[in-house]
Amino acid sequence: MAVKERDRFSTATRLRLLGEQTAERVYRSQTRRQARRSRLTGRAALLALVVCTLVVALAYPIRQYVAQRAEIAELERGKRQAQERVEQLRDDKARWQDDAYAEQQIRERLHYVMPGETGYIVIDPDAAQQSRADTGSAARPWYANVWDGVDQSDARSDARSDVAGH
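Let me begin by describing the structure that accompanies this report. (Residues numbered from 1 in each chain as written. Predicted model: local features only at pLDDT ≥ 70, side-chain atom pairs only at ≥ 80, totals over all residues. Heavy atoms only, no water.)

Turning next to the side chain of Gln105. For Gln105, the location among the structural elements is in helix 3 (residues 99–110). Apart from the residues within four sequence positions on either side, Gln105 is in contact with Trp96 and Leu110. (Helix = DSSP H or I, 4+ residues; strand = E, 2+ residues; numbered from the N terminus. Contact = heavy atoms within 4.5 Å.)

Time to look at helix 3. Over its 12 residues, helix 3 extends 16 Å from the first C-alpha to the last, a length consistent with the 16 Å expected when each residue adds 1.5 Å. Of all the residues in helix 3, the buried ones are Tyr101, Ala102 and Gln105. One side of helix 3 carries all its buried residues, which in axial view fall inside an arc of 95°. For helix 3, the exposed residues set more than 90 degrees away from the buried face come down to Asp99 and Ala100. Trailing helix 3 by a residue or two, His111 shows a phi angle of about 60°, which is positive. (Expected span 1.5 Å × (residues − 1). Buried < 20%, exposed > 50% of the residue type's maximum accessible area, 1.4 Å probe, protein only. Arc of directions from axis to C-beta.)

As far as function goes, none of this settles anything; it's purely spatial.
Structure below.
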């Protein structure tokens, strides 16, 4: 036993044990790294492949779904507006069924007066001058406006042919 203990404390034995322990640690760390690398790399590659496949496979249907949802929302908004317009027209129709409302509108829009009443229309002189200037061609018959348009286009074509001929 004394030889074993002495052998245990000898430098050569200690160096050999230290080398074995170090080799075991290095081997363990290398096997762990290799196990991690190989396991992580393969799984990561498979996961990346699956995710890319799902993204490619679902991109077009999701885009179509979003576009259809937007179209549905637009159509529903149009439907609501149409329903509001129908309600407004129903209200207008109901108002026009009332004789008092119809009489009021006729008086305002057509300037009608009841027998025995005197009707007055107040015209702003500045507005009258401006409206006459704006409606220069509207005061004439339609065929006069058409004929003037033909004359103007004919004059333009004559001017162009004169320029091109010289």
